[in-house]
Amino acid sequence: SNMKINQIKKEAAIYTDTDSVYLCFDFAVQSVEGLNLTDTEALEFCLSINRHRLKGYFEQAFEKYATHFNTDNRQNFELENLSRSGIWLAKKKYILKVSYKDNKHEKLLDKESLIIKGLEAIQAAYPIWARNHLQSLYSYLLDTGYRLDLEQDLIPRLMELRDECSALPVEEIS
């Protein structure tokens, strides 16, 4: 194929901690001129980028680092999951809509799942009504993404929730 790939000038790493790196592949997908992919095809393309480029790159980089410091390479970066979207609020507080979990056939999940870390929707001290609605809001935000219009989409939804919550007996929300 004669597709042109443009240089990516934006940072791909959107969150890192001691044992994880979360990358945004959107810029890589968008850097290929004339490449029009469905969401599923874009996810498959990301798996292909990992298989044909990133995995080997990380292996070589860690070997080079180990050689430079005269030690054995004990690092092994693996693609554990691929998420269609995510929201990071703080360290260890995030939501992911997971489309792929590591498997030997490198197949996308039949049904996407939410991973929620450190947020109220998973904390038992929060009322069930609130947890259920938070999960629904998280899914909505992840599905809507950058297309979200605060005034047209989010504020009316939050006002409905406020009215619904106000009408509930205090026992259901305490």
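Below is a short write-up of the structure. Nothing here was measured: the structure is a model prediction, and the numbers come from that model.

### Re the overall build of the chain
And step 1. Secondary structure assignment for the chain yields four helices and five strands.
And step 2. Moving toward the C terminus, one meets the helices and strands of the chain in the order β-β-α-α-β-β-β-α-α.
And step 3. Here the C-alpha radius of gyration of the chain, 20 Å, is well above what a compact globule of 174 residues would show, namely 16 Å.
And step 4. With the C-alpha coordinates of the chain rotated into their principal frame, the extents come out at 65 × 40 × 30 Å.
And step 5. In the chain, which comprises 174 residues, the proportion classed as buried is 25%.
And step 6. Of the contacts formed within the chain by residues at least 6 apart in sequence, a portion of 39% connects residues at least 24 apart.
And step 7. Split by element, the accessible area of the chain, about 12800 Å² in all, is 50% carbon and sulfur.
And step 8. When the 22 positive and 27 negative side-chain charges of the chain are each reduced to one mean point, those points stand 5 Å apart.

### Re the packing of aromatic side chains
And step 1. In this structure the tally under the stated criterion is 10 aromatic pairs.
And step 2. When the centroid spacing of 5.7 Å and the interplanar angle of 55° are considered together, the rings of Tyr22 and Tyr94 count as tilted. Here Tyr22, found in strand 2 (residues 20–23), pairs with Tyr94, found in strand 4 (residues 93–101); they are 72 residues apart in sequence, far enough to count as distant.
And step 3. Its relative accessible area of 9% is what places Tyr94 among the buried residues.
And step 4. Between Phe58 and Phe77, the aromatic rings sit 5.2 Å apart at their centres with planes inclined by 45°, giving tilted as the arrangement. Of this pair, Phe58 sits in helix 2 (residues 39–68) while Phe77 sits in the loop between helix 2 and strand 3 (81–90), and the two are 19 residues apart along the sequence.

### Comments concerning the sheet that holds strand 5 (residues 113–117)
And step 1. Taken in spatial order, the three strands make up an open sheet running 3-4-5, and their pairing is antiparallel. The outermost strands of the open sheet, each flanked by one partner alone, are strand 3 and strand 5. Across this sheet, the average inter-strand angle for adjacent strands is 15°, counted without regard to direction.
And step 2. Direction of pairing for strand 3 relative to strand 4: antiparallel, over a ladder of eight bridges.

### What to know about the pairing of strand 2
And step 1. As judged from the four bridges shared by strand 1 (residues 13–17) and strand 2, these two strands associate in the antiparallel manner. Within strand 2, the position partnered with Ala13 by the bridge is Leu23.
And step 2. A loop of two residues connects strand 1 with strand 2, the two strands running antiparallel in sequence.

### What about a nonpolar patch on the surface?
And step 1. Judged by side-chain polarity, Val21, Leu23 and Phe77 come together as a nonpolar surface patch covering roughly 200 Å² of accessible area.
And step 2. By the element assignment, Leu23 lies in strand 2.
And step 3. Classification of Leu23 as partly exposed rests on a relative accessible area of 32%.

### Here we look at helix 3 (residues 128–144)
And step 1. Here helix 3 is 17 residues long and its end C-alpha atoms lie 24 Å apart, about the 24 Å a rise of 1.5 Å per residue gives.
And step 2. Tucked into the core, helix 3 has its buried residues touching strand 3, strand 4, strand 5 and helix 4 (150–167).
And step 3. Of the residues one or two after helix 3, Gly145 is the one with positive phi, at around 60°.

### So, a negative patch on the surface
And step 1. Residues Asp19, Glu78, Glu80 and Asp102 make up a contiguous surface patch of negative charge.
And step 2. Residue position: Asp102 is located in the loop between strand 4 and strand 5.
And step 3. Given the relative accessible area of 48%, Asp102 is considered partly exposed.

### Description of the pattern of salt bridges
And step 1. All chains considered together, the criterion is met by six salt bridges.
And step 2. In this structure, Lys97 engages Asp143 in a salt bridge whose closest nitrogen and oxygen atoms are separated by 2.3 Å. Residue Lys97 is found in strand 4, and its partner Asp143 is found in helix 3; the two are separated by 46 residues along the sequence.
And step 3. Take Lys97: its relative accessible area is 14%, and that puts it in the buried class.
And step 4. The salt bridge involving Asp163 is made with Arg162; its shortest N-O contact spans 3.6 Å.

Parameters at a glance
Residues numbered from 1 in each chain as written. Predicted model: local features only at pLDDT ≥ 70, side-chain atom pairs only at ≥ 80, totals over all residues. Heavy atoms only, no water. Helix = DSSP H or I, 4+ residues; strand = E, 2+ residues; numbered from the N terminus. Rg over C-alpha atoms; globule rule 2.2 N^0.38 Å. Buried < 20%, exposed > 50% of the residue type's maximum accessible area, 1.4 Å probe, protein only. Contact = heavy atoms within 4.5 Å. Areas by Shrake-Rupley, 256 points an atom, 1.4 Å probe, with all protein chains shown as cover. Lys, Arg positive; Asp, Glu negative; His and termini not counted. Charge placed at Lys NZ, Arg CZ, Asp CG, Glu CD. Phe/Tyr/Trp six-rings, centres within 6.5 Å; stacked < 30°, edge-to-face > 60°. Pairing = 2+ DSSP bridges. Axes fitted to C-alpha atoms, helices over the stretch in contact; angles between N-to-C directions. Patch = residues over 30% accessible without salt bridge, like charges linked within 9 Å, V, L, I, M, F, W, Y side chains within 5 Å. Salt bridge = Lys/Arg side-chain N within 4 Å of Asp/Glu carboxyl O. Expected span 1.5 Å × (residues − 1).

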